[in-house]
Amino acid sequence: QVQLVESGGGLVQAGGSLRLSCTASRSIFSMDAMGWYRQAPGKQRDMVAAITNGGSTNYADSVKGRFTISRDNAKNTVYLQMNSLKPEDTATYYCHMRTRLLYRDYWGQGTQVTVSS
């Protein structure tokens, strides 16, 4: 089993910044893909940012230029740096990882991000 623990959420004013962290209980070297999703009330859970072990990244159009995903294999951690936050970024953010070979999916419990106007 793989456990994912998220941290870094909170309340911030528009224009501010937050950095989310997701630490896995095993080496993320074994992961095929890692990323962040978010879900606001009444909306679907959508991909925000993703990164592969090869370093390729992908972002939702709404966050390009403002959010940056990165990883630290030595710390088994994936980060999401969020700058220039907007009220529409308010959501629960979930860490996601998928293993290689068997493609098993693991999710964190979610961390709340609230951006005030």
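Anything mentioned here points back to the structure above.
Rules used in this analysis
Residues numbered from 1 in each chain as written. Predicted model: local features only at pLDDT ≥ 70, side-chain atom pairs only at ≥ 80, totals over all residues. Heavy atoms only, no water. Helix = DSSP H or I, 4+ residues; strand = E, 2+ residues; numbered from the N terminus. Polar contact = N/O pair within 3.5 Å; in protein donor to acceptor, adjacent residues only side chain to side chain. Core = buried A, V, L, I, M, F, W, Y, C linked by side-chain atoms within 4.5 Å. Buried < 20%, exposed > 50% of the residue type's maximum accessible area, 1.4 Å probe, protein only. Contact = heavy atoms within 4.5 Å. Phe/Tyr/Trp six-rings, centres within 6.5 Å; stacked < 30°, edge-to-face > 60°. Lys NZ or Arg CZ within 6 Å of the ring centre and 35° of its normal. 1 Å grid on protein atoms, 1.4 Å probe; cavity = no way out; pocket = protein on both sides within 12 Å on 5 of 7 lines; lining within 4 Å. Points joined across faces, edges and corners; volume = space filled by probe spheres on them. Nonpolar A, V, L, I, M, F, W, Y, C, P; charged D, E, K, R; others polar. Pairing = 2+ DSSP bridges. Axes fitted to C-alpha atoms, helices over the stretch in contact; angles between N-to-C directions.

Colleague: I would appreciate a short explanation of the side chain of threonine 111 in the present structure.
Modeller: With respect to the helices and strands, the residue threonine 111 is situated in strand β11 (residues 111–116). At 3.3 Å, the side chain of threonine 111 forms a polar contact with the backbone nitrogen of glycine 9.

Colleague: Please explain the nonpolar core as it appears in this structure.
Modeller: A general tendency of soluble globular proteins is for nonpolar side chains to be buried together. Counting 31 residues, the largest nonpolar core has Trp36, Leu80, Met82, Tyr93 and Met97 as its most contacted members. For this core, the secondary structure elements donating two or more residues are β3 (18–24), β4 (31–39), β5 (46–52), β7 (67–72), β8 (77–82), β9 (91–99) and β11. In this structure methionine 97 touches Leu4, Cys22, Ala24, Ile28, Met31, Ala33, Met34, Val78, Arg104, Asp105 and Tyr106, once residues within four positions along its chain are discounted.

Colleague: What am I meant to see in unusual backbone geometry here?
Modeller: Trans is the common state for peptide bonds, and a negative phi is the common state for residues other than glycine. At serine 84, a position not held by glycine, the phi torsion is positive, near 50 degrees. Looking at where serine 84 falls in the secondary structure, it is placed in the loop between β8 and β9. Positive phi is not limited to glycine here, since leucine 101 has a value of about 65 degrees. Position of leucine 101 relative to the elements: it lies in the loop between β9 and β10 (105–107). Using a relative accessible area of 78% as the deciding quantity, one classes leucine 101 as exposed.

Colleague: Can you help me understand the packing of aromatic side chains in this one?
Modeller: Two measures describe an aromatic ring pair: the distance that separates the ring centres and the angle between the ring planes. A full pass over the atoms with the stated rule returns one aromatic pair. Where tyrosine 37 meets tryptophan 107, the ring centres are 5.1 Å apart and the plane angle is 65 degrees; that geometry is what we call edge-to-face. With tyrosine 37 in strand β4 and tryptophan 107 in strand β10, this residue pair connects regions lying 70 residues apart in the sequence. Take tryptophan 107: its relative accessible area is 37%, and that puts it in the partly exposed class. In this structure, arginine 45 is placed above the aromatic ring of tyrosine 94, and the distance from its NZ or CZ to the ring centre is 3.7 Å.

Colleague: So what exactly am I meant to see when it comes to the layout of surface pockets here?
Modeller: If a probe as big as a water molecule is rolled over the atoms, it shows which places are left empty. One number sums up the size of the largest pocket: a volume of about 180 Å³. Around the largest pocket, the lining is made up of 14 residues, and of these Arg38, Ala40, Lys43, Asp46 and Glu88 lie nearest the centre. Elements with a contribution of two residues or more to the lining of the largest pocket: β4 and β5. At three residues, the largest contribution of residues to the lining of the largest pocket is made by β5. Residue classes in the lining of the largest pocket are distributed as six nonpolar, four polar and four charged.

Colleague: Got a minute to help me understand the sheet that holds β3 in this structure?
Modeller: Where strands meet in a sheet, backbone hydrogen bonds hold them as pairs that are either parallel or antiparallel. If you walk across this open sheet you meet the four strands as β1-β3-β8-β7, and the pairing is antiparallel. The sheet terminates laterally at β1 (4–7) and β7, the two strands that pair on one side only. Direction aside, neighbouring strands of the sheet carry axes that sit 15 degrees apart on average. As defined by bridge partners, β3 adjoins β8 across six bridges and the pair is classed as antiparallel. Of the residues in β8, the one forming a bridge with leucine 18 is methionine 82.

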